[in-house]
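A structural walkthrough
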Amino acid sequence: MTIHACLLRTGKTVVRRLAVLLAAAVILSGCTEQRLFAVKAVAAGVPSLAPFFEEDGSLGTDETKLRPEQPHSGLQQGNTPGLYGGTQKSKVCDVDRLKDFLTDPRNRQKAREWARIVGITSDRIEGYIDGLTPVLLRHDTLVKNHDYKKGKAVAFDSLLEAGIAVLVNDQGLPAVKCSCGNPLQSFDKDPEKISVTFEDGNKKWDGYEKSEVVTIKPAPRPLERIALVDVDDPDRGINRPVGSSGEKDRAFDATKQHAVPRVTGMTFDQASQRLSELGLAATFSDGLPSGDAAVTGSDPGPGTELRFGEAVALSVADDGEEPGTPPKSDTSDGPSTDGPTSGGPSTEEPTIEGPTTDGPTTDGPTTDGPTSGGPTTDDPDTGGPTSSEPTTDRPTTGEPTSSEPTTAIPTTPTASSAPPTVEPTSADPTSAGPTSAEPTRSEPTTSEPASSEPGSSSAPAPGEPAVGPA
């Protein structure tokens, strides 16, 4: 009997343990489920249930037949060329009507809540809205949305379908959903851990792919213009000044090719800005690195011709995965592409009327990249550093040398008298240092010009005028 009771107790203990293990498994699986963030799908043309402004089509209209474009990456900066679309139709967003609504004393409470979400006071609403720009989403985009319920703004994460009209701020971030006036903020969760629900009339749309949704981060610096793609004619680009509603649009050819510039040595922000000016998108293998990370190369490399909106993958110094290939192509292409890089982009920049000169024109020339980046490889691109380098080299070589590099370098080689040959030879190797070593008798003298010449200040000089006007 004792043995029997013992076995019975042992059996009960085993059962209890199994039950505990099963319960733990269920709890753990539940926790895994809870780690997913609920995101409400918002389809184009479907009215919100609790909007700030009655969604009757008078405030804004969506493009309901626009299929989502396949993005270059899931995380994009607000200055990415072609991130947004435009149209020649008027009143995609009625900005004046939105201002009138939010400044009407009868909507005082809504205005307070709206301003609170935006981060301003109610009396600054008009000025804030004046700085926003109407665009159309070209990708299914994650945002933090806001309904208006019981006198309060209620936040919820949502996925906006491509084709929805939004107002974006000067950093390229969605700020308002046009059709209902709901304020928007950046999505601040992990896009890899979302669970999208389609309900309240928002059915799953054609072209939806969870793996192709986009999260938008602010541009490195405020934009002056936004380079859009005409949703009715993808070969046509639209250059839209920030704060305008289409009346100041300027069209450009979105099929034109642009040369990839040399970006090695720039910071990531400077490189992405430079690419943006030329109408090219900057991408990175895993998220976005810090803005001051040093760029070690690009893929494709300098001089490669790409059309508007195409992507250039950047690698940075702290990217332990792929600094290998891009830098190699960047370096090897260096000398040969100095011409195209300084000539290509500079001549192309005006053609990018959209993104380059008109958009971040002020940012473009800023190319603080080259200036702060220092590497001589970037100097030809901007012209800024080139002028500074000769100045430091000229004093070293003395008065005669400072006059020679300006015009005498090309001329002296032709008049090859015995003494002059020494100096031209050193000047001649604009790109080949070893040649300057041949005149052994004048090593001290030739070594100094040789060090100044690699900067190729005379070579890029022709490109400088082209970059300046651009």
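Parameters at a glance
- Residue positions within a chain follow its written sequence, with the count starting from 1.
- Residue-level local features of this predicted model are given only where pLDDT is at least 70; pairs of side-chain atoms are given and counted only at 80 or more, and the full residue set underlies all totals for whole chains, interfaces and linings.
- Based on all heavy atoms of the structure, the side-chain values leave hydrogens and waters out of the count.
- What counts as a helix is a DSSP run of H or I of at least four residues, what counts as a strand is a run of E of at least two, and both are numbered from the N terminus.
- Per-residue accessibility, obtained with a 1.4 Å probe over protein chains only, is compared with the maximum for each type, and a residue is labelled buried under 20%, exposed over 50%, and partly exposed between these values.
- For this analysis, residues touch if any pair of their heavy atoms sits within 4.5 Å.
- To measure how exposed things are, a 1.4 Å probe is used in the Shrake-Rupley method; for residues, cover is taken only from the protein chains shown.
- Here, the term disulfide refers to a pair of cysteine sulfur atoms separated by no more than 2.5 Å.
- By this definition, two strands are paired if DSSP reports at least two bridges between them.
- Charged residues are defined here as Lys and Arg on the positive side and Asp and Glu on the negative side; His and the ends of the chain fall outside this count.
- A side-chain nitrogen of Lys or Arg and a carboxyl oxygen of Asp or Glu constitute a salt bridge if their distance falls within 4 Å.
- Any pair of N or O atoms that falls within 3.5 Å is considered a polar contact. Within protein, one atom must be able to donate a hydrogen and the other to accept it, and sequence-neighbouring residues count only if both atoms are side-chain atoms.
- Each nonpolar core is a collection of buried residues, namely Ala, Val, Leu, Ile, Met, Phe, Trp, Tyr and Cys, held together in the definition by side-chain atoms within 4.5 Å.

Take the overall build of the protein next. Along its length, the protein carries 15 helices and 19 strands. When each of the 470 residues of the protein is scored for burial, the buried share is 48%. Intrachain contacts of the protein at a sequence separation of at least 6 include 74% that bridge at least 24 residues. Surface exposure of the protein reaches about 22000 Å², of which carbon and sulfur atoms provide 54%.

The next subject is the state of the cysteines. Here the structure, examined in full by the defined rule, presents one disulfide. There is a disulfide in this structure between Cys-93 and Cys-178, and the S-S distance comes to 1.6 Å. Measuring the twist about the S-S bond at about 80 degrees, one finds the Cys-93-Cys-178 disulfide to be right-handed. Taken together, the residues Cys-93 in the loop between β3 (84-86) and α2 (95-103) and Cys-178 in the loop between β8 (174-177) and β9 (185-186) connect sequence positions 85 residues apart. Across this residue pair, the class does not change: Cys-93 and Cys-178 are buried. Free of any disulfide, Cys-180 has its nearest cysteine sulfur in Cys-178, 8.9 Å distant. Exposure remark for Cys-180: the relative accessible area of 0% places this residue in the buried category.

Right, let's get into the sheet that holds strand β1 (residues 37-42). The mixed open sheet is built from five strands, whose spatial order is β9-β5-β6-β1-β10. With one partner strand each, in any of the chains shown, β9 and β10 (194-197) form the two edges of the open sheet. One ladder, built from three bridges, connects β1 with strand β6 (residues 152-160); its direction is parallel. Bridging across to β6, Ala-41 finds its partner in Leu-159.

As for its position among the elements, Asp-140 is in the loop between β4 (133-137) and β5 (141-149). It turns out Asp-140 is buried and unbridged, and the closest side chain with the opposite charge, Arg-67, is 9.3 Å from it. Among the polar contacts listed, one links the side chain of Asp-140 to the backbone nitrogen of Ala-162, at a separation of 3.0 Å. Residues in contact with Asp-140, not counting those within four places in the same chain, are Pro-68, Leu-159, Leu-160, Glu-161, Ala-162, Trp-205, Tyr-208, Glu-212, Val-213 and Val-214.

Take the nonpolar core next. Residues Leu-98, Leu-102, Trp-114, Ile-125, Ile-129, Leu-167 and Val-176 are the most contacted members of the largest nonpolar core, which totals 27 residues. Broken down by secondary-structure element, the contributors of at least two residues to this core are α2, α3 (108-118), α4 (125-130), β7 (165-168) and β8. For Ile-129, the contacting residues outside a window of four places in its chain are Val-95, Leu-98, Lys-99, Leu-102 and Trp-114. Counting residues in each nonpolar core, the second largest holds 20 residues, with Ala-44, Leu-184, Ile-216 and Ala-219 among its members.

This part covers the pattern of salt bridges. Inspection of every chain in the model, using the stated rule, returns 13 salt bridges. Across the salt bridge formed by Arg-116 and Glu-113, the nearest N and O atoms sit 2.8 Å from each other. Remark: Glu-113 and Arg-116 occur in helix α3; sequence separation between them is three residues, near one turn of the helix. In this structure Glu-113 comes out as buried when scored by relative accessible area, which is 5%. Taken together, the shared-partner salt bridges connect Lys-144, Asp-157, Asp-188 and Lys-189 into one network.

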